[in-house]
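# Fold and contact review
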Amino acid sequence: ELSPKILAALNQQVEMEAASSQYYLAMASWAEVQGYNGTAQFLYRHSDEERTHMLKLLKYINERGAHGLVPALKQPEHQFKNIQAVFDLVFKHELAVSKEINNLVDLCLFEKDYATHNFMQWYVTEQIEEERMARHILDKLKLIGEDKGGLYIFDRDLATLDTAD
Ligand code: OFO
């Protein structure tokens, strides 16, 4: 049985994953409109993956006999300065997600909910990958700087870059 605190924290995490999905969807749409089609494809895939993160939590809550709640949608920002700014925001957002996940893991130990603690380990591992990927993309962008040709190749490569699922 999930404690009320754990249930509230899990539902809050459902909301955060849904918000991540919306956020990356807004970035994907922006990139597409700007003509960065490869980046858009990458961000659309990333948005889909965040939805699967949300679903996994929702189903876990239900499996434990509680009720996973579908959160309301908030409109994310939809104007971005440039590609660099987009991935700066992705990285910052992933750091915020990692922090929330760590808090949830902490709470599991405090509440002695070892089943949820175990379930959350998937997210802990996933965040290592998500942070690594964002850092990797930012490193590439730093190398490219103002080089238009480099940005063209970057965008083309992102079309097929694996997102961390
Ligand atoms: Fe971006 O990762 Fe979900 O948790």
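Residues numbered from 1 in each chain as written. Predicted model: local features only at pLDDT ≥ 70, side-chain atom pairs only at ≥ 80, totals over all residues.

So, on to the overall build of the chain. A count of helices and strands for the chain gives five helices and zero strands. Of the regular secondary structure in the chain, the N- to C-terminal order runs α-α-α-α-α. Taken over the C-alpha atoms alone, the chain extends approximately 55 × 25 × 25 Å along its principal axes. Restricting the contact set of the chain to residue pairs at least 6 apart, pairs at least 24 apart contribute 75%. (Helix = DSSP H or I, 4+ residues; strand = E, 2+ residues; numbered from the N terminus. Contact = placed C-beta atoms within 7 Å.)

It is worth spelling out the UniProt feature "binding site: Fe cation" (unreviewed entry) in the chain at this point. Per the UniProt annotation, the sites labelled "binding site: Fe cation" (unreviewed entry) are E17, E50, H53, E94 and Q127. The greatest C-alpha distance among the residues just named is 13.0 Å, despite their covering 111 residues of sequence, which places them together in space. Residue position: E94 is located in helix α3 (residues 83–110). Classification of E94 by C-beta neighbours within 10 Å gives buried; the count is 21. Once you skip the residues sitting within four places of it in the chain, E94 turns out to touch Q127, E130, E131 and A134. One can find Q127 in helix α4 (residues 114–144). The contacts of Q127, once residues within four sequence positions are left out, are E94, V97, S98 and I101. (UniProt positions renumbered as here; feature names shortened; annotations may be inferred. Buried ≥ 20, exposed ≤ 12 C-beta atoms within 10 Å, placed from the backbone.)

Attention shifts here to the packing of α3 against α4. Contact geometry of α3 with α4 gives a least axis separation of 9 Å together with a crossing angle of 160 degrees. Comparing the axis directions of α3 and α4 gives the class roughly antiparallel. For the crossing formed where α3 meets α4, the hand is left-handed. (Axes fitted to C-alpha atoms, helices over the stretch in contact; angles between N-to-C directions. Parallel < 35°, antiparallel > 145°, perpendicular 65-115°, else oblique. Left-handed = near helix turned anticlockwise from the far one by under 90°.)

To continue, consider unusual backbone geometry. For K112, which is not a glycine, the phi torsion comes out positive at approximately 55 degrees. Among the structural elements, K112 can be located in the loop between α3 and α4.

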